[in-house]
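Fold and contact review
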There are 2 protein chains.
Amino acid sequence: MKATHRLLLSFVLAVSAWPRDGAGTPQDALSSWSEGASKSSIVEFVAAVTTEGGPEFVPASERIAVFDNDGCLWSEQPMYFQLAFAIDRVKATAPEHPEWREKEPFASLLRGDVGAALAGGERAILEVVMATHAGTTTEEFERTVQDWISTAKHPRTGRLYTEMVYQPMLELLAYLRAHGFKTFIVSGGGIEFLRVFAEGVYGVPPEQVVGSSIETRFEIKNDRPALVRLPEIDFIDDKAGKPVGIQSHIGRRPIAAFGNSDGDLEMLQWTMAGAGRRFALLVHHTDAEREWAYDRDSNVGRLDRALDEAEAWGFTLVDMKRDWKVVFPAPPRR
Amino acid sequence: MKATHRLLLSFVLAVSAWPRDGAGTPQDALSSWSEGASKSSIVEFVAAVTTEGGPEFVPASERIAVFDNDGCLWSEQPMYFQLAFAIDRVKATAPEHPEWREKEPFASLLRGDVGAALAGGERAILEVVMATHAGTTTEEFERTVQDWISTAKHPRTGRLYTEMVYQPMLELLAYLRAHGFKTFIVSGGGIEFLRVFAEGVYGVPPEQVVGSSIETRFEIKNDRPALVRLPEIDFIDDKAGKPVGIQSHIGRRPIAAFGNSDGDLEMLQWTMAGAGRRFALLVHHTDAEREWAYDRDSNVGRLDRALDEAEAWGFTLVDMKRDWKVVFPAPPRR
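What counts and how
- Residues numbered from 1 in each chain as written.
- Chains lettered and ligands numbered in written order.
- Predicted model: local features only at pLDDT ≥ 70, side-chain atom pairs only at ≥ 80, totals over all residues.
- Heavy atoms only, no water.
- Contact = heavy atoms within 4.5 Å.
- Salt bridge = Lys/Arg side-chain N within 4 Å of Asp/Glu carboxyl O.
- Polar contact = N/O pair within 3.5 Å; in protein donor to acceptor, adjacent residues only side chain to side chain.
- Helix = DSSP H or I, 4+ residues; strand = E, 2+ residues; numbered from the N terminus.
- Nonpolar A, V, L, I, M, F, W, Y, C, P; charged D, E, K, R; others polar.
- Buried < 20%, exposed > 50% of the residue type's maximum accessible area, 1.4 Å probe, protein only.
- Pairing = 2+ DSSP bridges.
- Patch = residues over 30% accessible without salt bridge, like charges linked within 9 Å, V, L, I, M, F, W, Y side chains within 5 Å.
- Areas by Shrake-Rupley, 256 points an atom, 1.4 Å probe, with all protein chains shown as cover.
- pLDDT = per-residue confidence, 0-100.

The next thing to look at is the interface of chain B and chain A. Taken together, the contact between chain B and chain A spans 38 residues of the former and 38 residues of the latter. Linking chain B to chain A there are eight salt bridges. Seen at the junction of chain B and chain A, the total is 18 residue pairs in polar contact (both at pLDDT 80 or more). Counting only elements with at least two residues in the side of chain B that touches chain A, the list comes to α7 (138-149), β2 (182-190), α9 (191-202), β3 (209-221), β4 (224-235), α10 (241-249) and α11 (265-272) of chain B. Among the elements that make up the side of chain B that touches chain A, the one with the highest residue count is α10(B) (five residues). Looking at the side of chain B that touches chain A residue by residue, the classes come out as 17 nonpolar, nine polar and 12 charged.

As structure tokens, then:
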């Protein structure tokens, strides 16, 4: 398939509902997936829960599918993209913060030494996040993210971050929606960061995004109501927090869950432990050539415990190198 | 209209999408609303935001409408229905708690003296709520509410609580959905309590319910993942909490909001302060004969500050007695 055709196809898949594909449908809605066990497990699951009158049929209202974002829908190397946003914000707002020149972790970041800045661990990361994500209204924050996401480039590929989404996962999102599923993102990343581009890039509206959050406060300033973002953690949507976030936002147990790291294990377990037919999938990053290869020893997106548990829980393991014909969508012509 | 016809109509309205009613549509989707300023303001708003090419057109994805529950979608007198649930649960579980016979507020409740029990104010109510809403898994709690809501009767009307929903508001929910709106409940009541019946009664799925919540924790007990409800407040979705809950769960500002008390004021202000055409409505309980009449001095659903602010903010005020031809749906034949 020519690149221009592939681009057209990916566009069609991303923005429109795909017709229910009976046996005779000529086109393959999952065309970036190699034939094999991973793809078959997806197709068989969807057929089972959508066959009316079948023993495993699930009504559309209960077809809830949840997707992790970092490392599952888009890349997460060499660092979570939201951290790149935070660092860029530190640089952009440094003139307003002369004190940062002497204060860690900001001083190291401003010298360009990310490693030294993050040596302070969670506390350092938290300081950077609060300094760059709080103190504005929700609307101001949305504009800041919008500006960044539409211009910032990935250091290795030189592409926009939103062009480093996985083509097979875009197809999967569209395929599930075409079969009556409601697709949600359930991410350890910031809920308000994700919401800025989730609808345009993944077809997932703001009300179907679950993520980590900081506190907000309602205020009336100069007769105008505003929601102000406060430098205080509200909720961490990771690990055992993911089922909690799912219950809070969705209020029913998903029947399908997609992840790639130990941070997704509890979400996948919660999904698989429900009654009736269930599906859970882990993307295993095995492709150093087209993307990255990492698992048990990675600081970003570590996949260790969940890999050990995969067989016992019946998770489908996607071998990126073998199972995906294409990783990223064809670059747009500029 | 005969009672059987009215029953059929209310059923159709509650469960199915209403066709877009152009000028020539013979049936009125808001037939329980009297002709007048309230009804006109709704119809004109919906026409303005759904007329493609019109100056106030809003794309369907942004047509978010939020509804308070107590006193807006169903009655709330002589006490919030969820409090009746809590009191019934105290009575039902009293044999497991011999200590309650000596301990307030439980001792008074068990003697049938609700007034004395609630004289302890917020602290007393909190104790009753935690004793009856925490300590179980989410699934056990759901079954408990389901059992109660399908059998408990209102002390004055003898009807099921779910039969004390407002027919004009059911019509309004269906009317908005038929015009591409996504309808959410945003209630000071408990999110998990509401979710049990919101889909069946209002056509609002669990993922579109926002409410107050207690903390939950993910646990694996005997190899089975569970979410356990803890006796700790997570979030109070009332007053200034409502815009916060809306942002957290929906992630965009509603264009229409419906309430009835001071607890809804900030939600209505937040809605009206957005750009473009907006709509906000307060149900004023003026009908002592068919429902109840109360406002500034009521302990339940007090409407005081919001009534003062209504004109300045442009809220539509519904006079229940004058504006609603019917209050409750016709009783089902048993």
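Having seen the model, we can carry on.
With that settled, the discussion passes to the environment of Ala60(A). All names here are of chain A. Looking at where Ala60 falls in the secondary structure, it is placed in the loop between α2 (37-50) and β1 (64-67). The partly exposed category is assigned to Ala60, whose relative accessible area is 41%. Measuring from C-alpha to C-alpha, the distance between Ala60 and Gly180 comes to 5.4 Å, with 120 residues separating the pair along the chain.

Take the pairing of strand β6 (residues 279-286) of chain B next. Residues and elements named next belong to chain B. β6 sits mainly inside the fold: seven of its eight residues count as buried. Here strand β5 (residues 256-259) runs beside β6; their pairing, made up of four bridges, is parallel. Note that in β6 the partner of Gly259 across the bridge is Leu282. By the bridge criterion, four bridges tie β6 to strand β8 (residues 316-319) in an arrangement that is parallel. In the sheet register, Leu282 faces β8, and the bridge partner there is Leu317.

Before going further, it helps to spend a moment on a nonpolar patch on the surface. Residues and elements named next belong to chain A. On the surface, a cluster of nonpolar side chains totalling about 240 Å² of accessible area is made up of Leu126, Ile233 and Ile236. With respect to the secondary-structure elements, Ile236 resides in the loop between β4 (224-235) and α10 (241-249). Owing to a relative accessible area of 47%, Ile236 belongs among the partly exposed residues under this scheme.

Another aspect to go through is the confidence of the model for chain A. All names here are of chain A. Per-residue pLDDT for chain A has a mean of 92; in total, 92% of the residues score no lower than 70. Low pLDDT (under 50) marks residues 1-24, which in the prediction has 28 contacts with non-local residues, meaning those over four places away or in another chain. Scored by ipTM, the complex comes to 0.91, with pTM at 0.91.

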